[in-house]
Amino acid sequence: MVPAPLTQVCARQREVARVDPNEPSSQDKPERGPGDARGPATGGGNDRLTYADAGVDIDAGNRLVDRIKPLAKATARAGAAGGLGGFGALFDTKAAGFVDPVLVAGTDGVGTKLKLAIEANKHDTVGIDLVAMCVNDLVVQGAEPLFFLDYFATGKLAVDTAADVVAGIAEGCKQANCALIGGETAEMPGMYADGHYDLAGFSVGAVERDRLIDGGRTAAGDILLGLESSGPHSNGYSLVRRIVERSHLTLDDEAPFQPGSSLGAALLTPTRIYVRACLEAIAASGTGVHALCHITGGGFYENLPRVMGDTLACRVARRWTPPPVFDWLAETGRVEAHEMHRTFNCGIGMVLAVAPDSVAPVTAALEAAGERVHAIGELAPRGDGPAVTIAGIDD
């Protein structure tokens, strides 16, 4: 079967629970279509069952599809064809302007930040987080995000909640200039507590073969440029939630670190998407951007070594002021500085290793794209020392 055009919104109503082997598989149902209701029960009397009796509301799925069609359409970009329906999605890299592309793929979730969204009944920003966690990983290798797909799983589909989540996903896609070309909504009765759901995201990007960034050009003397974060982004929220419990505050209370905002809204500030700024900086520098690092779970200590090579060390000087949320987390949770920096981004969400003679044009490009940039350290020979040291913590 020839896959359908790209901007379809794939299966939004499929139950994945195991069924009788003599029944048609749930995977035989059309992508994002209404599906087939279960056949009549074999017993006598009036005990005929429907899919709705089993807890799967096909009509709600159809209402959700109607709500999200315009959201997906608004993310269209070069390379994504028009049309809805079918089973698969296509993307034309030639139409997107690529000549000899290497594809870069990534997948991620939002973690227990979702628990805060559910408890605060605020669902319109976690979709941005979902996109950010995927596309920020792609740009680390110099890739331009092309398209995105999502997976939304719940026990009972609440159309308004799901539509809010997908609206956030669409907003994230627009910020990253990638097309929301598909997704799956799985309504699985009995799998989740009432009102709870889970998310996963999948994204693919492309970079010309001769522009791929793999960290191989990093060298001692490279300057580390840090881009400010908007807060904890989407990492460390299991610890965040424990700290909230210790504070004895509710999510409706005013945030001590952000007057005028509720604690829930402040902690749900979405992850910053660095794609456009980083791509602009890469283009402005020629080959001057030697590596990029998305500071996610594991903070500085776990992420920086992933892109800097085995013979180099990152010497980080804390030359930035973190958002106030980090001071509140550290003080309320009595979290030591080293633990903070191996759990959270502590105010720096993306790091670029840049050749010294490229620092000026890279910084100018990043600032022109709206980023706050700090020279936070440099690369040095590692020798027998640790891969990362942070001034004032590891001295």
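Residues numbered from 1 in each chain as written. Predicted model: local features only at pLDDT ≥ 70, side-chain atom pairs only at ≥ 80, totals over all residues. Heavy atoms only, no water.

Peer 1: Tell me about the packing of aromatic side chains, and please be specific about residues and values.
Peer 2: Working definition: an aromatic ring pair is given by the centre-to-centre distance plus the angle between the planes. Enumeration according to the criterion identifies five aromatic pairs in this entry. Considering the side-chain rings of F152 and Y197, the 5.1 Å spacing of their centres and the 20 degrees angle between planes classify their relative orientation as stacked. On the criterion of sequence distance, the pair formed by F152 in strand β2 (residues 144-154) and Y197 in strand β4 (residues 197-208) is long-range, its members being 45 residues apart. Among the residues examined, Y197 registers a relative accessible area of 5% and is labelled buried. Ring centres 5.4 Å apart and planes at 45 degrees place the aromatic pair F257 and W328 in the tilted group. With F257 in the loop between β6 (254-255) and β7 (258-262) and W328 in helix α10 (residues 324-333), this residue pair connects regions lying 71 residues apart in the sequence. What makes F257 buried here is its relative accessible area of 12%. On the basis of relative accessibility, which here comes to 9%, the residue W328 falls in the buried class. (Phe/Tyr/Trp six-rings, centres within 6.5 Å; stacked < 30°, edge-to-face > 60°. Helix = DSSP H or I, 4+ residues; strand = E, 2+ residues; numbered from the N terminus. Buried < 20%, exposed > 50% of the residue type's maximum accessible area, 1.4 Å probe, protein only.)

Peer 1: A description of the confidence of the model for the chain should follow, citing residues and the corresponding values.
Peer 2: Averaged over the chain, the pLDDT score is 89; the fraction of residues at 70 or greater is 87%. Across residues 1-41, confidence stays below pLDDT 50; counting only partners more than four residues off in sequence or on other chains, it has 124 contacts. (pLDDT = per-residue confidence, 0-100. Contact = heavy atoms within 4.5 Å.)

Peer 1: Any details on helix α5 (residues 237-247)? Residues and values, ideally.
Peer 2: Along α5, the positions that sit buried rather than exposed are Y237, V240, I243, V244 and S247. Seen end-on, α5 carries its buried residues on one side only, within an arc spanning 110 degrees. Away from the buried face of α5 by more than 90 degrees, exposed residues R242 and E245 are located. On the buried face of α5, the contacting elements are α2 (113-120), α6 (263-267) and α10. (Arc of directions from axis to C-beta.)

Peer 1: Explain the pattern of salt bridges to me, using residue names and the numbers behind them.
Peer 2: Counted under the stated rule, the structure contains eight salt bridges. Between D160 and R67 there is a salt bridge whose closest N-O contact spans 3.0 Å. On the criterion of sequence distance, the pair formed by D160 in helix α4 (residues 159-176) and R67 in helix α1 (residues 58-73) is long-range, its members being 93 residues apart. Between E371 and R272 there is a salt bridge; the shortest N-O distance is 2.9 Å. On the criterion of sequence distance, the pair formed by E371 in the loop between α12 (359-368) and β11 (373-381) and R272 in the loop between α6 and α7 (275-285) is long-range, its members being 99 residues apart. (Salt bridge = Lys/Arg side-chain N within 4 Å of Asp/Glu carboxyl O.)

Peer 1: How would you summarise the environment of D160 if you had to cite specific residues and measurements?
Peer 2: Taking relative accessible area as the criterion, D160 reaches 52% and is therefore assigned exposed. Taking the C-alpha atoms as reference, D160 lies 9.7 Å from R63; in sequence the two are 97 residues apart. Within the local environment of D160, its side chain forms a polar contact with the side chain of R67, the two groups lying 3.0 Å apart. (Polar contact = N/O pair within 3.5 Å; in protein donor to acceptor, adjacent residues only side chain to side chain.)

Peer 1: With reference to specific residues and values, describe α1.
Peer 2: Over its 16 residues, α1 runs 23 Å from end to end, which matches the ideal 22 Å to within 8%, given 1.5 Å per residue. Among the residues making up α1, those that are buried are I58, A60, G61, L64, V65, I68 and A72. Its side-chain oxygen 3.1 Å from the backbone nitrogen of D59, D57 forms the N-cap of α1. (Expected span 1.5 Å × (residues − 1).)

Peer 1: Let's hear about unusual backbone geometry: which residues, and what values?
Peer 2: Although it is not a glycine, R334 adopts a positive phi angle of roughly 50 degrees. Although it is not a glycine, C346 sits at a positive phi angle of roughly 55 degrees. For C346, the position within the fold is in the loop between α11 (337-341) and β10 (348-354). Here C346 falls in the buried class, since its relative accessible area comes to 4%.

Peer 1: Please provide a residue-by-residue account of the sheet that holds β2, values included.
Peer 2: With respect to topology, four strands assemble into an open sheet ordered β1-β4-β2-β3, the strand pairing being mixed. The open sheet has two free edges, formed respectively by β1 (101-108) and β3 (179-187), since each of these has just one partner strand. In this sheet, adjacent strand axes meet at a mean angle of 15 degrees when their direction is disregarded. By the bridge criterion, eight bridges tie β1 to β4 in an arrangement that is antiparallel. Bridging from a neighbouring strand, P101 pairs with E208 of β4. (Pairing = 2+ DSSP bridges. Axes fitted to C-alpha atoms, helices over the stretch in contact; angles between N-to-C directions.)

Peer 1: Break down the pairing of strand β9 (residues 312-316) for me, with residues and values.
Peer 2: Across the five residues that make up β9, a large majority, four, are buried. Relative to β11, β9 runs antiparallel, the two sharing five bridges. Pairing of C314 across the sheet is with L379, part of β11. Sheet topology places β9 next to strand β12 (residues 388-390); three bridges connect them, and they run parallel. Directly across from V316, in β12, lies its bridge partner I390.

Peer 1: With reference to specific residues and values, describe the environment of A313.
Peer 2: Here A313 lies in strand β9. Judged by its relative accessible area of 0%, A313 is buried. Between the alpha carbons of A313 and G385 there is a distance of 7.8 Å; along the sequence they are 72 residues apart. Ignoring any residue separated from it by four or fewer positions in sequence, one finds A313 in contact with E378, L379, A380, P381, R382, P386 and A387.

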